[in-house]
Structure formats: structure tokens, C-alpha cells
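# Structural overview
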Amino acid sequence: MYYIGIDLGGTNIAAGLVDDKGKLLHKLSVHTPSDVDYTVIVEEMVKLSRKVVSEYGANEADIKSVGIGCPGSIDYKKGSVAYSNNIKMYDAPVREEFQKYWNIPVALENDANAAALGEYVACGEAASVFVAVTLGTGVGGGVIIDGKIFTGSNGAGAELGHSTLVHNGLPCTCGKKGCWECYASATALVNQTKIAIEKHPESLMTKIAKERGKVNGRTAFDAAKQNDSVAKYVVEKYLEYVADGIVSMVNIFQPDKVVISGGISNEGDYILKPIREYVEKYDYNKLFNKVEICTATLLNDAGIIGAAYAGKQLI
């Protein structure tokens, strides 16, 4: 049996064929049409899915379900995108529209939740409580309890990045101040690096940024690894912000496992060691087994595999 997973993004639509064990067998992607009605996007998803099946050499009859990961707020009962700013959808009945072309079970899932499900399939199925944290433009993620995504009473649960880290702190795009993502996202790290460069132009970060033409999430890390004291402070402070938010997630959910994804996760043990030490020092749980903290394994394929898994759960 096979399952289709679709990762719908503002730039690209990626679709893949996934087997019963969660292995991605074949994938394709196309640019996401811009400034069009949701029906056009759904039609593109259907075409891409069928092309994936055809290229792999499978039959459509072998496909048991489809899962779609989409940015925005999901109405799970209706199978619709209640609101998505990136793709300009409002009360869009995506499941119903997809089934006009292909009469198959369709699961619609938030994209961050889909990515969390993908990492769960890859390395977390032994965990009764699993938390995925994505450090990207913002801080996203998902919480999986007994194999099911925690969605809250209205489908909008586990907005991890919008927990408060600093009371009345930096303004967030959500309208609140002091959200975790204002301090722990890759965007926040870039801003922190720029501020440090302005204050300390002698830092190696200045040279690295000029050579690359911009400041990015690697600038401070690369300079810190060359023993630049300013960069080391930026990295240390940033990882404290990340770890402090994870402490809150641990205290609230008491997960067996926390997985960190996003480009910064490529730093591996360089970020894991200080984060683990911080969490062990400050989490509330001192008597029971400690949470396992690791970096993600699937990278860009997590959304496809997780969406396929969401579809599989319908069977």
C-alpha cells in the first residue's frame, strides 16, 4: 500500500509517494501558483500527485490516502483551510475540492504539525509524548501524544513559538510582545548578530558577513567556532533563549523526546550540548527520566512524510 504526502508552501508544492513504513519512495515539486484561487492550487496538487505515482510506476488503485500539509489554521472537521496568510486562503474547502478529482480519503493538516508527524515517524514512535520544534523564520512545531497530533479544541493548538519568553519584550508579528520566536527563531538570531556587529565592528562576524554578502544564521556560529569572543556571546545567548523555551515545553508536556529542526539544527552537537545542559539544570522534573533532546533527521522531507502519515491515520 502507498500513501501520498503533499507539502504545500508559499513558494513550492512538493508531493511524494510514501510506503507503509514511512519511507519516501519518489517526490516531485512545482512552483506554487501565486495570486490564484485555491481551486487552482488544488488542481496543481492533484496533477503533481498523479505524476509522482505514474513516474514511480505505481497504480492509482494502490494509493490508499492523501495527506496535505498546509500553512495556516485548519478546520479539521470541515477539511478546510480556515485562514492562511502565505497562500491567501480563507475558508477554503481543500479536502472537498481535491476529492472532486480523486475520490480518496484526504487528510488536511497544518504544515508544522505535518513536519512534526514526519519526524515522529522517523525517530519518535517509541515516545508517548513527542515535541518537535522548528527554528526558522519563526518558531513552529507540533506536539504528538500517543501517536496523535495535539490540536486543541479548535485545531489551533500548540503554537509553541507564541508562548511568552520575555514579558512585554520584543514585538511579535502576532501582535503580542515577548514571544519565544522573537528570540529563538533564525530570524531573531540574524537580528541579534547584526546588533552585535554594529556594536563590535572588529568582530570576525563583520568579515564573514562581508565575504558572504549578508548576515545569516551561520554567521555567528562560524565566527564562534574560530574563537571570536563577541560571536561566542551571541551564540551562547541565543542558545539560552532556545533552551529556555524548551524548558517550558518540557514542564508543560513532559515529553519523552524533543526534536529540533530548521537550518540551525545542522550545527548538531554544537547546539545540543548547551541546550541539554540548560534544560537539565532548569526543568521542573528532577525525579523522573530526563527528556531526550536531539536534532531532526528528515529535513525538507519531513512535511511530505508527515502529511502521508496523517492520511494513513484515516485508514
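Shown above is the structure to which this text applies.
Procedures and definitions
- Every chain is numbered independently, its residues counted from 1 as its sequence is written.
- Totals for whole chains, interfaces and linings use every residue, but because this is a predicted model, local features are given only for residues with pLDDT of at least 70 and side-chain atom pairs only at 80 or more, for both listing and counting.
- Side-chain numbers come from the whole structure's heavy atoms, not from hydrogens or water.
- Cavities and pockets were defined on a 1 Å grid built from protein atoms only: a cavity is a group of points that admits a 1.4 Å probe but offers it no way out, a pocket is an open group of points flanked by protein on both sides within 12 Å along at least five of seven lines, and a lining residue is one with an atom within 4 Å of any such point.
- Grid points are joined across faces, edges and corners, and a volume is the space filled by probe spheres set on the points.
- Every helix listed is a DSSP run of H or I at least four residues long, and every strand listed is a run of E at least two residues long, numbered separately from the N terminus.
- We define a nonpolar core as any set of buried Ala, Val, Leu, Ile, Met, Phe, Trp, Tyr and Cys residues linked to one another through side-chain atoms lying within 4.5 Å.
- Here the term buried applies to any residue with accessible area under 20% of the maximum for its type, exposed to any over 50%, and partly exposed to those in between, with areas from a 1.4 Å probe on protein chains only.
- Whether two residues touch is decided by their heavy atoms; if any such pair falls within 4.5 Å, the residues are in contact.
- Axis lines are fitted through C-alpha atoms, for helices just across the contact stretch, and the angle between N-to-C directions can take any value from 0 to 180 degrees.
- Throughout this description, any angle smaller than 35 degrees is read as roughly parallel, any larger than 145 degrees as roughly antiparallel, any in the 65 to 115 degree range as roughly perpendicular, and the remainder as oblique.
- Working rule for handedness: look at the near helix, and if it is turned counterclockwise from the far one by less than a right angle, call the crossing left-handed; if clockwise, right-handed.
- Throughout this entry, Asp, Glu, Lys and Arg are counted as charged residues, while Ala, Val, Leu, Ile, Met, Phe, Trp, Tyr, Cys and Pro are counted as nonpolar. The remaining residues, Gly among them, count as polar.
- For two strands to pair, DSSP has to find at least two bridges joining them.

## With respect to the layout of surface pockets
Here the second largest pocket defines a volume of roughly 260 Å³. As for the second largest pocket, its lining consists of 16 residues, of which Tyr76, Ala107, Leu108, Glu109 and Gln313 are closest to the centre. Looking at the lining of the second largest pocket, the elements that each hand over two or more residues are strand S5 (73–75), strand S8 (106–110) and strand S11 (148–149). Per-element accounting of the lining of the second largest pocket gives the leading share, 4 residues, to S8.

## Digging into the nonpolar core
Judged by nonpolar contacts, the single largest core of 43 residues is most densely connected at Met205, Ile246, Ile275 and Ile293. Among the elements of the structure, strand S9 (129–135), strand S10 (139–145), helix H5 (186–199), helix H6 (204–212), helix H7 (219–224), helix H8 (229–253), strand S12 (257–261) and helix H9 (269–282) are those that each provide at least two residues to this core. Ranked by residues supplied to this core, first place goes to H8 with 12 residues. Those residues in contact with isoleucine 275, other than ones at most four positions away along the chain, are Leu239, Val242, Ala243, Ile246, Ile260 and Ile293. Of all hydrophobic cores here, the second largest spans 31 residues; its members include Ile4, Tyr38, Val46 and Ile63.

## Some points on the environment of valine 52
Following the sequence through the fold, valine 52 ends up in helix H1 (residues 38–56). Residues valine 52 and isoleucine 4, spaced 48 residues apart in sequence, show a C-alpha to C-alpha distance of 8.7 Å. Setting aside anything within four residues of it in sequence, one finds valine 52 in contact with Ala15, Gly16, Leu17, His26, Lys27 and Leu28.

## Regarding the packing of H1 against helix H2 (residues 94–101)
In the contact formed by H1 and H2, the axes pass within 9 Å of each other and the chain directions differ by 50°. Classified by the interaxial angle, the pair formed by H1 and H2 is oblique. Considering how the two elements wind past one another, H1 and H2 form a crossing that is right-handed. Contacts between H1 and H2 involve Tyr38, Thr39, Val42, Glu43, Met45, Val46, Ser49 and Arg50 on the former and, on the latter, Val94, Glu97, Phe98 and Tyr101. Taken together, the residues of the contact of H1 with H2 sort by class into 7 nonpolar, 2 polar and 3 charged.

## Concerning the sheet that holds S5
As summarised here, the arrangement of the 3 strands in space is S5-S6-S7, forming an open sheet in which the pairing is antiparallel. Each edge of the open sheet carries a strand with a single partner, namely S5 and strand S7 (89–92). Going across the sheet, the axis of each strand differs from the next one's by a mean of 25°, ignoring polarity. In this sheet, S7 lies alongside strand S6 (residues 80–84) in antiparallel orientation, the contact comprising 3 bridges. Looking at S7, one finds that valine 81 is bridged to alanine 92.

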